[in-house]
Amino acid sequence: HVQFVESGGGLVQPGGSLRLSCAAHGDIPDIYVWGWFHQAAGKERALIAFIHSDDNTGYLDSVKGRFTISADNAKNTLYLQMDSLKPEDTGVYYCNNAAPGSDRIWGQGTQVTVAE
């Protein structure tokens, strides 16, 4: 398994920005689909953005145009640039394998709070 360590969360006002980072450790495959997942309090974790090793990306409609996923293969690091943040973006953000049916081990995640 690849292990992921998320960082970069924090408290930000509505309309603000944050950049999340995710360091991948272990046997990194040449071909991958990695993603960022969001879990709001009391709700299930949901995939909000993914990136393929060929640089194709996809986004949940609620974050499209506001969030940008990217990957630095040389550093084995995944990023999520979050702009125009809204209170409903509050929650814990995780990165992991986004391929359907993947056997995932979850890290600690990073907390994002969007509030005045």
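See the structure shown above.
Residues numbered from 1 in each chain as written. Predicted model: local features only at pLDDT ≥ 70, side-chain atom pairs only at ≥ 80, totals over all residues. Heavy atoms only, no water.

Engineer: Looking at this structure, I do not really get the pattern of salt bridges. What am I missing?
Structural biologist: Any two side chains of opposite charge can pair, so long as their charged atoms come close to each other. Across all of its chains, the model carries two salt bridges by this definition. Across the salt bridge formed by D61 and K64, the nearest N and O atoms sit 3.1 Å from each other. A relative accessible area of 64% means that D61 is categorised as exposed. Across the salt bridge formed by D89 and R66, the nearest N and O atoms sit 2.8 Å from each other. Here D89 is found in the loop between β8 (77–82) and β9 (91–97), whereas its partner R66 is found in the loop between β6 (57–59) and β7 (67–72), with 23 residues between them in sequence. Take D89 and R66: they sit in the same class, and that class is buried. (Salt bridge = Lys/Arg side-chain N within 4 Å of Asp/Glu carboxyl O. Buried < 20%, exposed > 50% of the residue type's maximum accessible area, 1.4 Å probe, protein only. Helix = DSSP H or I, 4+ residues; strand = E, 2+ residues; numbered from the N terminus.)

Engineer: How do you make sense of the sheet that holds β9 when you look at a structure like this?
Structural biologist: Taken together, the six strands give an open sheet; going across it, the order is β2-β10-β9-β4-β5-β6, and neighbouring strands pair in mixed fashion. The sheet is open, and its two borders are formed by β2 (10–12) and β6, each paired with just one other strand. Recorded for the sheet is a direction-independent mean angle of 20 degrees between the axes of neighbouring strands. Of the strand pairs in this sheet, strand β4 (residues 33–39) and β9 are connected by six bridges, and their pairing is antiparallel. Along β9, the bridge assignment pairs W36 with C95. (Pairing = 2+ DSSP bridges. Axes fitted to C-alpha atoms, helices over the stretch in contact; angles between N-to-C directions.)

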